[in-house]
Amino acid sequence: MFSGGGSNQYARLKTNLRLALNRLKLLEKKKTELAQKARREIAEYLATGKEERARIRVEHIIREDYLVEAMEMLEMYCDLLLARFGLLEQMKTMDEGLEEAITSIIWATPRLQADIGELKVITEQFTAKFGKQYVAAVKENQFNTVNDKLIRKLSVQAPKRLLVEQYLIEIAKSHKISYEPDPRVMMEEGGTGTLLDFGMDNSRNLGPGGGTGGFGGGNVGGGGGGFAAPPIATEPPPPIYPERGQRFQDYENSSLDHSMERFLHKELEANDPNRSLESSMTPTAPPPTYEHCKRLRYSSPSRCIEMIKY
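Residues numbered from 1 in each chain as written. Predicted model: local features only at pLDDT ≥ 70, side-chain atom pairs only at ≥ 80, totals over all residues. Heavy atoms only, no water.

A. Spatial organisation of the packing of aromatic side chains. For the coordinates displayed, the defined rule picks out four aromatic pairs. For the pair Tyr10 and Phe85, a centre-to-centre distance of 6.3 Å together with 90° between the ring planes defines the contact as edge-to-face. Pair noted here: Tyr10 is in helix α1 (residues 6–47) and Phe85 is in helix α3 (residues 85–90), with a separation of 75 residues, a long-range link. The buried category is assigned to Phe85, whose relative accessible area is 5%. (Phe/Tyr/Trp six-rings, centres within 6.5 Å; stacked < 30°, edge-to-face > 60°. Helix = DSSP H or I, 4+ residues; strand = E, 2+ residues; numbered from the N terminus. Buried < 20%, exposed > 50% of the residue type's maximum accessible area, 1.4 Å probe, protein only.)

Written out as structure tokens, the structure is:
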């Protein structure tokens with residue numbers, strides 16, 4: 001907590017957060033414009049065959065791009081603290097929702113205070129609120145609460161050679177300049193130079209039995225762990241309906257096994273040359289009587305039979 005004049009200290013902290021936010025935006029814009037100008041210079045180096053000079057300049061551009069990304073993260077953290085400033089004033093201990101933002105700003109201050117002086121003032125105010133021991137531990141990231149991406153962006157390590165080559169490829173492409181990347185770097189860092197190996201050789205295709213050799217097993221197929229073969233889709237048998245002339249009640253009472261057996265042997269019976277005409281006829285319901293037709297209010301029994309039949 002602030003030792004004395006708490007309201008004034010919080011007002012000063014809020015003002016410095018706003019100043020840091022505006023300063024970060026200006027620096028991001030300025031460095032982005034300088035990076036665009038440097039890209040044009042690198043394109044000229046590539047056009048004149050000065051590739052080594054271009055690689056050195058690209059490393060500088062990569063560091064500047066990392067720095068701009070780190071500034072964007074700090075800008076986001078300052079905006080978050082301003083949005084939750086009421087919570088920052090009332091909390092007695094470190095809040096989990098603000099811990100990453102506060103510790104990341106404290107950790108980045110020694111690395112950016114030359115360009116953004118407001119960060120130094122903000123860290124001093126955090127020191128007055130949370131104590132010197134806590135701030136010293138945060139600067140060493142002893143609590144592991146600093147954003148990992150921010151740590152990577154502000155590291156002093158040289159960029160990878162593959163990343164340098166990728167920058168050169170994109171710069172040459174955007175300025176329509178022919179450039180051949182170093183094949184040794186592409187092979188060393190990126191394998192075959194592609195993100196995925198689709199296995200154009202048939203001997204490298206994985207079969208369902210594992211190993212290599214395609215789906216037929218090939219020369220070395222059918223071995224250990226591979227991708228399981230997808231299940232083969234089978235068409236379901238067609239639904240079985242009552243035959244013509246069969247009463248629905250009789251069909252409903254018939255067993256499923258009998259219906260399935262009739263369906264499976266239907267084709268065999270149709271192809272049997274010794275089958276008689278009588279056996280091939282489908283049994284029909286008995287003809288209706290005159291009394292039945294009279295109940296159905298038909299004037300003629302033949303009309304009743306005709307309607308029932310069709």
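B. Structural view of the environment of Ile122. For Ile122, the position within the fold is in helix α5 (residues 117–130). Assessed through its relative accessible area of 0%, Ile122 is described here as buried. Remark: the alpha-carbon pair of Ile122 and Thr109, spanning 13 residues in sequence, is separated by 8.9 Å. Residue contacts for Ile122: discarding those within four places in its chain leaves Leu13, Asn16, Leu17, Ala20 and Ile105. (Contact = heavy atoms within 4.5 Å.)

C. Representation of the nonpolar core. Grouped together as the largest cluster of nonpolar side chains are 37 residues, with contacts concentrated most on Leu17, Leu74, Leu81, Ile102, Ile105, Leu150 and Leu154. Elements represented by at least two residues in this core include exactly α1, α2 (51–83), α3, α4 (96–112), α5 and α6 (132–139). Top element by residues in this core is α2. It accounts for nine residues. Aside from chain neighbours lying at most four places away, what touches Leu150 is Ala70, Met73, Leu74, Ser104, Trp107 and Ala108. Residues Ala38, Ile42, Val58 and Val164 belong to the second largest nonpolar core, which totals 15 residues. (Core = buried A, V, L, I, M, F, W, Y, C linked by side-chain atoms within 4.5 Å.)

D. Representation of the environment of Leu98. Among the structural elements, Leu98 can be located in helix α4. Separated by 17 residues in the primary sequence, Leu98 and Leu81 place their C-alpha atoms 7.2 Å from one another. Apart from the residues within four sequence positions on either side, Leu98 is in contact with Leu81, Arg84, Leu87, Leu88 and Met91.

Without other data, these values stay purely geometric and don't point to any function.
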